[in-house]
Amino acid sequence: MRWLIRALTVLIAVPVVFYIATLLGALVPGTRADLPQGADQYIGLVRGPIHYDLLLPMTPAMRAHFGFAQAAGVPLDNPDVEWLIVGWGAREFYTSTATLSDIKASALWHGVTGDASVMHLDVAGNLRGVDAIEFLPLSGAQMAALLATIDAKFQRDQAGKPIALSTRFSDHDAFFEARGSFSIFYTCNAWIGSTLRAAGVPFGIWTPTPQAVEISLKRLAAG
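One structure accompanies this document, and this report is about it.

What counts and how
- Residues numbered from 1 in each chain as written.
- Predicted model: local features only at pLDDT ≥ 70, side-chain atom pairs only at ≥ 80, totals over all residues.
- Heavy atoms only, no water.
- Helix = DSSP H or I, 4+ residues; strand = E, 2+ residues; numbered from the N terminus.
- Buried < 20%, exposed > 50% of the residue type's maximum accessible area, 1.4 Å probe, protein only.
- Contact = heavy atoms within 4.5 Å.
- Polar contact = N/O pair within 3.5 Å; in protein donor to acceptor, adjacent residues only side chain to side chain.
- Core = buried A, V, L, I, M, F, W, Y, C linked by side-chain atoms within 4.5 Å.
- Phe/Tyr/Trp six-rings, centres within 6.5 Å; stacked < 30°, edge-to-face > 60°.

### Some thoughts on unusual backbone geometry
Turning to step 1, where the next piece is worked out: The phi angle at Ala 132 is positive, at roughly 65 degrees, despite the residue not being glycine.
Turning to step 2, where the next piece is worked out: Looking at the secondary structure, you find Ala 132 in the loop between strand S4 (117–124) and strand S5 (133–138).

### Focus on the environment of Arg 32
Turning to step 1, where the next piece is worked out: Here Arg 32 lies in the loop between helix H1 (2–27) and strand S1 (41–47).
Turning to step 2, where the next piece is worked out: Under the relative-accessibility criterion, Arg 32 is labelled partly exposed at 39%.
Turning to step 3, where the next piece is worked out: Between the alpha carbons of Arg 32 and Gly 200 there is a distance of 5.1 Å; along the sequence they are 168 residues apart.
Turning to step 4, where the next piece is worked out: For Arg 32, the contacting residues outside a window of four places in its chain are Gln 37, Arg 197, Gly 200, Val 201 and Pro 202.
Turning to step 5, where the next piece is worked out: Only 2.8 Å separates the side chain of Arg 32 from the backbone oxygen of Gly 200, close enough to count as a polar contact.

### Considering the nonpolar core
Across soluble globular proteins, you tend to see nonpolar side chains buried next to one another.
Turning to step 1, where the next piece is worked out: Core analysis: the largest hydrophobic core is formed by 41 residues, its most contacted members being Leu 54, Leu 56, Phe 66, Leu 84, Leu 146, Ile 150 and Leu 196.
Turning to step 2, where the next piece is worked out: Those residues in contact with Leu 146, other than ones at most four positions away along the chain, are Ile 43, Leu 54, Leu 56, Leu 138, Thr 195, Leu 196 and Ala 199.
Turning to step 3, where the next piece is worked out: Grouped together as the second largest cluster of nonpolar side chains are six residues, Leu 55, Ile 85, Ala 124 and Leu 127 included.

### Concerning the packing of aromatic side chains
The relation between two aromatic rings is expressed through the spacing of the ring centres and the mutual angle of the planes.
Turning to step 1, where the next piece is worked out: A complete count under the given rule lists ten aromatic pairs for this structure.
Turning to step 2, where the next piece is worked out: Taken together, a centroid distance of 5.4 Å and an interplanar angle of 85 degrees make the contact between Phe 68 and Phe 176 edge-to-face. Here Phe 68 is found in helix H3 (residues 68–71), whereas its partner Phe 176 is found in strand S6 (residues 174–177), with 108 residues between them in sequence.
Turning to step 3, where the next piece is worked out: The buried category is assigned to Phe 176, whose relative accessible area is 1%.
Turning to step 4, where the next piece is worked out: With 5.6 Å between their ring centres and 45 degrees between their planes, Trp 83 and Phe 135 make a pair best called tilted. Of this pair, Trp 83 sits in strand S3 (residues 83–90) while Phe 135 is found in strand S5, placing the two residues 52 residues apart along the sequence.

Bear in mind that shape data such as this cannot, by itself, settle questions of function.
Following this line, the structure appears as structure tokens:
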């Protein structure tokens, strides 16, 4: 009976400890790049049911920067496109879970125990009035650092081009091979935090859940 009580105690304690750790990680500022602050451009963070994605303004320079995605089916040349959606995550889970109803046990297991990773690019039009979006101002130096950090996550072929996958959710998105391993300790949301800190944005040291990202946005990034 003792072993059963101990096992139940561990099963209850681990999620509680993890949750408390995420709260602390969201509130404790992580080391960020020392870059001049400014409001030359705005980026967005859009919350989904499971994770956050970055929103990059579709300026002419941004269209050129991500021009490789056009060949993979992302319609960057569409004049109605105003934002590029950028995400990083677990390969099996991310590429098979368009909605919560698509979640599979094997994908969830790999997401918890560890998996290879992918980058996801998609587009959006006018987002005025859309809920669950936070906008952050960046200086030119901060935007350059953000793009460099995003670029570094793409796996590339011998010609230096990102490697597109055949998997996609729609006729306007694409997945690409990515660098780094996904785990419960380094999730898509933790990647958001580390990417923003690399761009000089004040953010929590560890933000593995969407709740942790939201807390950092409200308490740290917002000043």
